[in-house]
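The lines below spell out each chain.
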Amino acid sequence: MPPDGSAEPNASRSRLSSELESYRAELEVQNDELRQAQVSLELSQRKYYQLFDLAPIGYVLLRQDGVVLESNLAAARLLGSDRAMIEGRRLAHQLVGADMGAFAAHLQRVFDLPGRHRLEVRIKGNKEPLHLRLDSAAVDAVGYGDTVCMTTLFDVTRERRSESEARALAEELSRTNRLLKDLANRDPLTKLFNRRGLEEQLARDLARTRRERDHLTAVLVDCDQFKAVNDALGHTAGDVVLCEVGMRLRQSVRPTDAVGRIGGDEFLVLLPDTPISMAGEVAQRLRLAIGGEAFLFDGAPRRVTVSIGVSEVDASVSALEEVIAATQQALSTSKRAGRNRVSTTNEQIVAQSAWDREVDIVSYAQPIMRTSDGVLVGYEMLTRAADSTLGFSATDLFRAAADAGRLTSFDLKCLRLSAQVMRSAPAGLELHVNVLPSTLLNTPAEEILAILQPAAEGHVISLEISEQQLIGDPTLLVGRLAPLRSAGFKVVMDDLGFGRTSLESLIMLEPQSVKIDRALVSGVGNDPTSCRALKRLLKVVRSLDLPAVAEGVENKQDLDLLAAFNVPFVQGHYLGPPRPCPW
């Protein structure tokens, strides 16, 4: 070793160099490993993004508030937008409004409960909504610092459209089947049951009768001398009569009763849960409904009457022909007795009309309101049978009186009762009372004045003349009404718009006001056709400067529409049904 000691520093440098070389080599190895790891990571990321972006199924990552953190291309296509327009916004903004609440509840369940959760929603589309099924689960995603919702989007629009089309086809098939069945069971002219329909109904009624040991009665209705109608007016007019007869029969019985045409001018009515004693009263109501009001042909009235046979149906029968044969015997009794009769199978003729019962009557009142503020302005006086269990409506009573030839005397009886009740009414009210045109023609004005004048003190009394009852020349009433007008009574045209409105009657009779028939008022709020007809009629009424009362207001929609049309007064069950006089 040299005396100056230089060998030791050289050795140190050599060791340091060797260590540095070793570190360098090790760093190069580590750098190679890092580069390989970076390449692997980049490759993995490319594979992930390729799998995520290019997947045929839509994927989105959502925050708990529903904001889209990330989406793939399929999701962007399903949502109908670019990814840049989706990410950072709430997914709920893409949904049809009605589905937003369900989606919020779905997202809450995802973060509160483990497992996968499913929901179907609709996405706003250009033409129609897109149906998507969402499969969601909470996951811990790297890089987001919190749990996120991973949602898979499946397009199920085609399936839903197919299901909707299948349902529509099934409903259409069901409607078609019901229509075909209805056509098979209905008479093409009157739309009532035909024999086949009556046979099916008879089977149901008999099954119920046997099960509940109840009564079932049949009523056979035959038009009297119908051939004379066809000969005088033609077969087309005869068809019109048959349709009108069928309609009156249908309107005169319960919804549970079956009415059918069994051929020609014969009709059969099945009355379940009806003993023969009660069926006789029903049959009288049917007879009066048809014969009590004339049919109009070319403006001329023509009366059509019917003969009726009533028979209780034995529970042991099995065929419609047996029922018809049993009632035919009673019908023959009515025919032999002079027609326009009701007979039962024991060959006893039922009393000619409800009039023979000497039905007691009572006076009812229905309020008339001012449309603008709902203030009570008056009442219409109405007549009812004192014993409601008899089932006679006011129309039945007047038909019975007409059938017995006592229509005028009965109308005067009602007028006297109304006048007596009106005398006690509060002062200042306008009281409406109905008078038949025939009563005005057949009764001296002095007699009518004697009946009504005691009730006129403190009241305005309006005489309602029904347009339905105006048959013939309206000028015949002008002279009859003059003394009543001079005495201070008002004239009101009732039932305006019933179906035969005559401008001539409005002009010649010069009423101080009109009452619009319930046929144009009831349900007008939901019936565009009635609404248009009502508007046209109101134009005529206003052109004559006549205030109007709308009858038959049954709900708030009707009332609101009448208010919008500026109809000044209203009346109907919605505002107050007929009740015993409240004073």
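Thresholds applied
- Residues numbered from 1 in each chain as written.
- Predicted model: local features only at pLDDT ≥ 70, side-chain atom pairs only at ≥ 80, totals over all residues.
- Heavy atoms only, no water.
- Pairing = 2+ DSSP bridges.
- Helix = DSSP H or I, 4+ residues; strand = E, 2+ residues; numbered from the N terminus.
- Buried < 20%, exposed > 50% of the residue type's maximum accessible area, 1.4 Å probe, protein only.
- Polar contact = N/O pair within 3.5 Å; in protein donor to acceptor, adjacent residues only side chain to side chain.
- Contact = heavy atoms within 4.5 Å.
- Axes fitted to C-alpha atoms, helices over the stretch in contact; angles between N-to-C directions.

## Some thoughts on the pairing of strand 5 (residues 147-155)
Alright, step 1. Where strand 1 (residues 58-62) meets strand 5, five bridges bridge the pair, whose relative direction is antiparallel. Residue pairing in the sheet places valine 60 in a bridge with threonine 151 of strand 5.
Alright, step 2. Summarising the sheet, strand 4 (residues 130-140) and strand 5 pair through nine bridges and their orientation is antiparallel. Considered in strand 5, the bridge of leucine 134 is made with leucine 153.
Alright, step 3. What sits between strand 4 and strand 5 in their antiparallel hairpin is a turn of six residues, with glycine 143 showing a positive phi close to 95°.

## Considerations on the side chain of lysine 515
Alright, step 1. Summarising the element assignment, lysine 515 is placed in strand 18 (residues 513-516).
Alright, step 2. What makes lysine 515 buried here is its relative accessible area of 0%.
Alright, step 3. A polar contact is formed between the side chain of lysine 515 and the side chain of glutamate 464, at a distance of 2.8 Å.
Alright, step 4. Apart from residues lying up to four places away in sequence, lysine 515 is in contact with Ile368, Glu380, His432, Glu464, Val492, Met493, Asp494, Asp495, Leu496, Val549, Glu551 and Gln571.

## Considering the sheet that holds strand 7 (residues 258-263)
Alright, step 1. A sheet is described by the order of its strands in space; here five strands give the open sequence 7-8-6-11-12, paired in mixed fashion. With partners counted over all chains shown, the strands left at the sheet margins are strand 7 and strand 12 (342-344), one partner each. On average, each strand axis in the sheet is tilted by 20° relative to the strand beside it, whichever way the strands run.
Alright, step 2. Where strand 7 and strand 8 (residues 266-272) come together, five bridges link them in antiparallel fashion. When the bridges of strand 8 are listed, glycine 263 appears paired with glutamate 266.
Alright, step 3. Each of strand 6 (216-223), strand 8, strand 11 (306-312) and strand 12 is contacted by helix 9 (residues 276-291), which is oriented at about 165° to strand 11, the strand it contacts most.
Alright, step 4. Sheet strands touched by helix 10 (residues 320-336): strand 6, strand 7, strand 8, strand 11 and strand 12. Its angle to strand 11, the strand with the most contacts, is close to 130°.

## Side note on the environment of valine 362
Alright, step 1. By the secondary structure assignment, valine 362 is in strand 13 (residues 361-370).
Alright, step 2. Overall, the relative accessible area of 29% leaves valine 362 in the partly exposed class.
Alright, step 3. Taking C-alpha positions, valine 362 is 5.4 Å from arginine 384, a pair spaced 22 residues apart along the chain.
Alright, step 4. Among all residues touching valine 362, those that are not within four sequence positions of it are Leu382, Thr383, Arg384, Ala385, Ala386 and Leu417.

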